[in-house]
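Fold and geometry: a report
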Amino acid sequence: MSDSIVFSLAEDAVATISINEPETRNALSRSVMNDLIATLAEVGKRTDVRAVILSTAGHVFSSGHNLKEISGAKLESQQETFAVCSELMQLIQSIPQPVIAQVQGVATAAGCQLVASCDLAVAAQSARFATPGVKIGLFCSTPMVALTRAVPAKTALRMLLTGDFLSAADALTFGLVSDVVADDELETATAELARKVASASSATVAVGKAAFYEQRDLPLADAYAHMSEVMAHNAVAADAQEGIDAFLHKREPQWQHRD
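These notes cover the structure that comes with them. Keep in mind it's a predicted model, so treat the numbers as computed, not measured.

This brings us to the pairing of strand β2 (residues 14–19). With five of its six residues buried, β2 lies for the most part within the structure. Connecting strand β1 (residues 5–9) to the next strand, β2, in antiparallel fashion are four residues, including A13 with a positive phi near 70°. With six bridges joining them, β2 and strand β3 (residues 51–56) adopt parallel strand pairing. Residue pairing for β3: I17 is matched across the bridge by L54. Tracing the backbone out of β2, into helix α1 (residues 30–45) and back to the parallel element β3 gives a crossover that is right-handed.

Written as structure tokens, this is what we have:
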């Protein structure tokens, strides 16, 4: 692993993956994105990790793509950059563990996309979000994919067409983040949420996370048909039967988790 990514694993099965590039405002250069992809792919295979916190060093969550990489680059290089970015964002949602963004400062352009792509996001009260590419002639088209799946259409379009910042409070209202906390409580609150997620059966959580993204864009009847099958298979799984028995007998469940 390069110095740009720091990985740590707590005793409660919560892993933290941190982008350590404060000097670039945690810009998502191609190398940083590739390092994140490699780290997340490895974490996705681990059964000792049940929740992931995605954080960054310094006062800015992420300023988005490194514009120095984009400036003057030929079409093939530009295509590679945005293909890597798209791979990263989809990987976040495809690994079995929930990924929780811990957001301080500003998250702009692909940095905002990164927040929108995470399964949950805890933002400091002073955090702000924007997709300001339109101001420099580079419309935030790939951030738009994640943004439009997180917030209402007119909220997304206003952000995309004006580049204006969205406050943490408004980000919570419109669904870009799941939690907003006082600045000095950000790490504690994110860790608490991660521990709560990690306390459930990781086998069940993995089924549920995958099912959420599978059903989201299906027609209603197709979504119900597919989820009925998912839930039926979930119901006969060991952890579901253990959880039901524990509830009926008023005891704590003993999860088998993923194996």
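In the structure shown here, the tally under the stated rule is six salt bridges. Among the ionic pairs, D119 bridges to K209, the shortest N-O distance being 2.8 Å. Remark: K209 occurs in helix α9 (residues 202–215) and D119 occurs in the loop between α4 (110–117) and β6 (120–124); sequence separation between them is 90 residues. On the basis of relative accessible area, K209 is assigned to the buried category, the value being 7%. Note that D164 is salt-bridged to R158, the shortest N-O span being 3.0 Å.

To continue, consider helix α8 (residues 186–198). Between its terminal C-alpha atoms α8 stretches 18 Å, which fits the 18 Å expected from 13 residues at 1.5 Å a residue. Along α8, the residues that are buried comprise L186, T190, L193, A194, V197 and A198. Looking down the long axis of α8, one finds its buried residues gathered within 135° of arc, a one-sided arrangement. When the buried face of α8 is taken as reference, the exposed residues oriented beyond 90 degrees from it are T188 and K196.

Quick look at the side chain of S18 now. Mapped onto the elements, S18 comes out in strand β2. Here S55 takes part through its side chain, which lies 3.3 Å from a polar atom of the side chain of S18. Discounting residues that sit within four places of it in the chain, S18 has contacts with S4, I5, V6, S55, T56 and A57.

The backbone of A13 shows a phi angle near 70°, a positive value even though the residue is not glycine. Its place among the elements puts A13 in the loop between β1 and β2. Of note in this structure, N26 is not a glycine but carries a positive phi near 55°. Turning to its location among the elements, N26 is positioned in the loop between β2 and α1.

Basis of the calculations
- Residues numbered from 1 in each chain as written.
- Predicted model: local features only at pLDDT ≥ 70, side-chain atom pairs only at ≥ 80, totals over all residues.
- Heavy atoms only, no water.
- Buried < 20%, exposed > 50% of the residue type's maximum accessible area, 1.4 Å probe, protein only.
- Helix = DSSP H or I, 4+ residues; strand = E, 2+ residues; numbered from the N terminus.
- Pairing = 2+ DSSP bridges.
- Right-handed = clockwise from strand over helix to strand, strands pointing away.
- Salt bridge = Lys/Arg side-chain N within 4 Å of Asp/Glu carboxyl O.
- Expected span 1.5 Å × (residues − 1).
- Arc of directions from axis to C-beta.
- Polar contact = N/O pair within 3.5 Å; in protein donor to acceptor, adjacent residues only side chain to side chain.
- Contact = heavy atoms within 4.5 Å.

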